[in-house]
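Residues per chain, in single letters:
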Amino acid sequence: MSPAFGAMEVEHYSKGVLLEPFVHQVGGHSCVLRFNDETICKPLIQREHQFYETLPAEMRKFTPQYEGVVSVSFEEDEDGNLCLIAYPLNGDRDNLESLDNSDCEPKNKLLRWSNKKTVLLENEKLTKEWVRQHRKEEKMKSHKLEEEFEWLKKSEVLYYSVEKKGNVSSQFKHHNPWSMKCHQQQLQRMKENAKHRNQYKFILLENLTSRYEVPCVLDLKMGTRQHGDDASEEKKANQIRKCQQSTSAVIGVRVCGMQVYQPGTGQLMFMNKYHGRKLSVQGFKEALYQFFHNGKYLRRELFEPVLKKLTELKSVLEKQESYRFYSSSLLIIYDGKELQEVAVDSDPEDLEGLSEESSDESAGAYAYKPTASSVDVRMIDFAHTTCRYYGEDSVVHEGQDTGYVFGLQNLIAIIKEIRDESSE
């Protein structure tokens, strides 16, 4: 039994788990869904699945933990509401009586599945008429959201003001346009195929954002080449063009997505891959600066932990014989919650255990003691990865992935530039 299964009651899981959009997805075209607080899932691609099952031990700390495979079905109720449900891979669907979604949404919004009918939660004194009216109102809201979403898709950089009094992290759910886009597309694809197929395999992976209160996430497309060895001529040409027209060809890395919380301005900022492709090398550097800035001052205490992990990753990848990580991404994650503020003239005892931290003149002085765990650096998305151990591959590469390592070298150099320039 995988860690994800062990973390929840077997009886609960045997009844199915309602999958929700993963609100911290900022890049990629594959839909990522929330399985539970510590686990996400995504459609199983055989090559990526093989990568996780044969992953070299020294790379495990730089990838999400692989937690198994589930069977996901597309289900629609009598009112046309769509949802994705995960079941044990070898589970017997005929013996399922209902779903327990109690950890996913407030209970007054939930219905359990019972075969093709819906029944009210036992502890809720609601009428079927109220439910129908509620569903009708939700549909109207949904149409309004779809109109807003069409506008969102045309916007490459978005800012939202958030309510500081509430839970900032929960507000990502309502604002993250890329997560909305991927989830909507996945539902549409499965709906179109529902007559022919209603069972899909998804892989379970560690939720890298689970330990952060307000995850700030940077998704970087790594390497000078993005197309896999099995790409069609059309796909190959398209990917080569994207690299040539972006920073990928010049420095081996480009922005694929970003979300940042800026407590100084009370805003969430989202940047998508379309904007990332347009950036020059200087624009890429400015985007990195923006990622490490919280609206008040530059989070300089994050530089050393990030650089340490990037350097270690580079060392590991230089030793990986024949691996090519085409079209994979690198995530950098840190917590955007407000840091402890300490006045410049604070009593020395108040500063004990804290390291020096500077900020701009308008923000005053702050002190914060960073730890190695305050940031995370992980490789993700291995649908086009290849290695000599993949017996079915017709092309076998020799040596390290020079394009990926080149991108890491330049990423490290640019972050060092930002660090050094900010300390002058």
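For the structure given in this document, a descriptive report is provided here.

Considering empty space enclosed by the protein
If a probe the size of a water molecule is rolled over the atoms, the empty space left behind becomes visible. Applying the stated rule across the entire model yields two cavities of 30 Å³ or more. Of the voids in this model, the largest cavity is the one considered here, and its volume is about 320 Å³. Forming the walls of the largest cavity are 25 residues, and the residues nearest its centre are Phe22, Val32, Ile40, Leu331 and Ile380. Counting only elements with at least two residues in the lining of the largest cavity, the list comes to β3 (39-43), α3 (46-53), β9 (199-206), β10 (215-222) and β14 (329-335). Residue classes in the lining of the largest cavity are distributed as twelve nonpolar, eight polar and five charged.

Some thoughts on the packing of aromatic side chains
Within this structure, the stated rule accounts for 13 aromatic pairs. Aromatic pair Phe51 and Phe382: ring centres 3.9 Å apart, planes at 20 degrees, arrangement stacked. Of this pair, Phe51 sits in helix α3 while Phe382 is found in the loop between β17 (375-380) and β18 (384-386), placing the two residues 331 residues apart along the sequence. Assigned by exposure class, Phe51 and Phe382 land together as buried. With a centroid separation of 5.1 Å and 70 degrees between ring planes, the pair formed by Phe291 and Phe292 is classed as edge-to-face.

Describing helix α11 (residues 303-317)
The end-to-end C-alpha separation of α11 is 21 Å, in line with the 21 Å expected for 15 residues at 1.5 Å each. For α11, the full list of buried residues reads Phe303, Pro305, Val306, Leu307, Lys309, Leu310, Leu313, Lys314, Val316 and Leu317. Along its buried surface, α11 packs onto β13 (324-326), β14, β17 and α13 (402-422).

Comments concerning the side chain of Lys242
Along the chain, Lys242 turns up in helix α7 (residues 233-244). Within the buried set, Lys242 has no salt-bridge partner at all; the shortest N-O distance to an opposite charge, 11 Å, is to Glu234. Beyond its immediate sequence surroundings of up to four residues, Lys242 is in contact with Arg254 and Arg277.

Re the environment of Asn294
Along the chain, Asn294 turns up in the loop between α10 (281-291) and α11. Given the relative accessible area of 5%, Asn294 is considered buried. C-alpha separation for the pair Asn294 and Val260, spaced 34 residues apart in sequence, amounts to 7.8 Å. Contacts of Asn294, omitting those with residues within four sequence positions, involve Tyr261, Gln262, Pro263, Gly264 and Arg299. In this structure the side chain of Asn294 is engaged in a polar contact, spanning 2.8 Å, whose partner is the backbone nitrogen of Lys296. Within the local environment of Asn294, its side chain forms a polar contact with the backbone nitrogen of Tyr297, the two atoms lying 2.9 Å apart.

Structural notes on the side chain of Asp335
For Asp335, the position within the fold is in strand β14. For Asp335, which is buried and forms no salt bridge, the nearest opposite charge comes from Lys337, at a distance of 4.6 Å. Excluding residues within four positions of it along the chain, Asp335 makes contact with Tyr212, Glu213, Val214, Arg299 and Ser374.

Remarks on the sheet that holds strand β12 (residues 267-272)
With antiparallel pairing, the six strands of this open sheet are ordered in space as β8-β12-β11-β10-β14-β17. The two strands at the open ends of the sheet, each matched to only one other strand, are β8 (157-161) and β17. In this sheet, adjacent strand axes meet at a mean angle of 15 degrees when their direction is disregarded. Pairing geometry for β10 and β14, over seven bridges, is antiparallel. Residue pairing across strands places Val217 opposite Ile333, the latter belonging to β14. On top of the sheet, α11 reaches β14 and β17; it is set at about 30 degrees to β17, its chief contact.

Considering unusual backbone geometry
Although it is not a glycine, Ser322 sits at a positive phi angle of roughly 75 degrees. Here Ser322 is to be found in the loop between α11 and β13. Owing to a relative accessible area of 1%, Ser322 belongs among the buried residues under this scheme. Despite not being glycine, Asp381 shows a phi value in the positive range, around 65 degrees. In this structure, Asp381 sits in the loop between β17 and β18.

Criteria and cut-off values
- Residues numbered from 1 in each chain as written.
- Predicted model: local features only at pLDDT ≥ 70, side-chain atom pairs only at ≥ 80, totals over all residues.
- Heavy atoms only, no water.
- 1 Å grid on protein atoms, 1.4 Å probe; cavity = no way out; pocket = protein on both sides within 12 Å on 5 of 7 lines; lining within 4 Å.
- Points joined across faces, edges and corners; volume = space filled by probe spheres on them.
- Helix = DSSP H or I, 4+ residues; strand = E, 2+ residues; numbered from the N terminus.
- Nonpolar A, V, L, I, M, F, W, Y, C, P; charged D, E, K, R; others polar.
- Phe/Tyr/Trp six-rings, centres within 6.5 Å; stacked < 30°, edge-to-face > 60°.
- Buried < 20%, exposed > 50% of the residue type's maximum accessible area, 1.4 Å probe, protein only.
- Expected span 1.5 Å × (residues − 1).
- Contact = heavy atoms within 4.5 Å.
- Lys, Arg positive; Asp, Glu negative; His and termini not counted.
- Salt bridge = Lys/Arg side-chain N within 4 Å of Asp/Glu carboxyl O.
- Polar contact = N/O pair within 3.5 Å; in protein donor to acceptor, adjacent residues only side chain to side chain.
- Pairing = 2+ DSSP bridges.
- Axes fitted to C-alpha atoms, helices over the stretch in contact; angles between N-to-C directions.

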